[in-house]
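# Architecture at a glance
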Amino acid sequence: VSTQSTWGRQLMNSQSKLSYLLNSQLTTSQIVQSSAKKKKKDKQNQNRYLRLVFVFIKSMIKQKHIDPKGMFIELQAFCIDNSNIPEAGQLFKILKSLDQQGGKS
């Protein structure tokens, strides 16, 4: 019984951790974009980091570790804000398909 409740708490924490990750990434992106001098290497590092974040989120959704319904709008906005990243488009498509499936039920 304690294993199940621990697992449930871990899943709930996953949702809050993802929310924290998105908020922190959005803040980091805004800081980097607002700086007057952008270095090419910094931009490459930011893009690499963003790609990893998108892959992580997609993986968590596909493995059903998180339910994106609770932060659907934030995830969509995150994808749109970073539409230059290919993985953002992939995540956006996943979100749209989940949204359409939810509407049909």
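Keep in mind it's a predicted model, so treat the numbers as computed, not measured.

## So, the overall build of the protein
The secondary structure content of the protein amounts to four helices and zero strands. Counted from the first residue to the last, the protein has its helices and strands arranged as α-α-α-α. For the protein, buried positions account for 28% of its 105 residues. Long-range contacts, defined as pairs at least 24 residues apart, comprise 71% of the intrachain contacts of the protein with a sequence gap of at least 6. For the protein, the exposed area adds up to about 7,500 Å²; of that, 56% sits on carbon and sulfur atoms.

## Here's the deal with the layout of surface pockets
Looking at the largest pocket, its volume works out to about 250 Å³. Lining the largest pocket are I61, K62, K64, I66, D67, P68, K69, F72, L98, D99, Q101 and G102. Contributing elements (two or more residues each) for the lining of the largest pocket: α2 (40-62) and α4 (86-104). Considering every element that reaches the lining of the largest pocket, the biggest residue donor is α4, with four residues.

## Side note on the side chain of K58
Position of K58 among the secondary structure elements: in helix α2. At 6.2 Å, E87 is the nearest oppositely charged side chain to K58, a buried residue that forms no salt bridge. Looking at K58, its side chain comes within polar contact range of the side chain of Q90, at 2.5 Å. Ignoring sequence-local partners within four residues, the contact set of K58 consists of E87, Q90, L91 and I94.

## Focus: helix α3 (residues 72-81)
Taken as a whole, α3 has its buried residues at F72, L75, Q76, F78 and C79. Buried residues of α3 fall within an arc of 160 degrees about the axis and therefore sit on the same side. Opposite the packed face of α3, turned more than 90 degrees from it, sit the exposed residues I73, I80 and D81.

## Brief notes about the nonpolar core
Grouped burial of nonpolar side chains is what soluble globular proteins tend to show. Of all hydrophobic cores here, the largest spans 17 residues; its most connected members are F54, I57, I61, F78, L91 and L95. Among the elements that make up this core, the one with the highest residue count is α2 (six residues). With sequence-adjacent residues up to four places away left out, L95 is seen in contact with I61, P68, F72, L75, Q76 and C79.

Cut-offs used in this document
Residues numbered from 1 in each chain as written. Predicted model: local features only at pLDDT ≥ 70, side-chain atom pairs only at ≥ 80, totals over all residues. Heavy atoms only, no water. Helix = DSSP H or I, 4+ residues; strand = E, 2+ residues; numbered from the N terminus. Buried < 20%, exposed > 50% of the residue type's maximum accessible area, 1.4 Å probe, protein only. Contact = heavy atoms within 4.5 Å. Areas by Shrake-Rupley, 256 points an atom, 1.4 Å probe, with all protein chains shown as cover. 1 Å grid on protein atoms, 1.4 Å probe; cavity = no way out; pocket = protein on both sides within 12 Å on 5 of 7 lines; lining within 4 Å. Points joined across faces, edges and corners; volume = space filled by probe spheres on them. Lys, Arg positive; Asp, Glu negative; His and termini not counted. Salt bridge = Lys/Arg side-chain N within 4 Å of Asp/Glu carboxyl O. Polar contact = N/O pair within 3.5 Å; in protein donor to acceptor, adjacent residues only side chain to side chain. Arc of directions from axis to C-beta. Core = buried A, V, L, I, M, F, W, Y, C linked by side-chain atoms within 4.5 Å.

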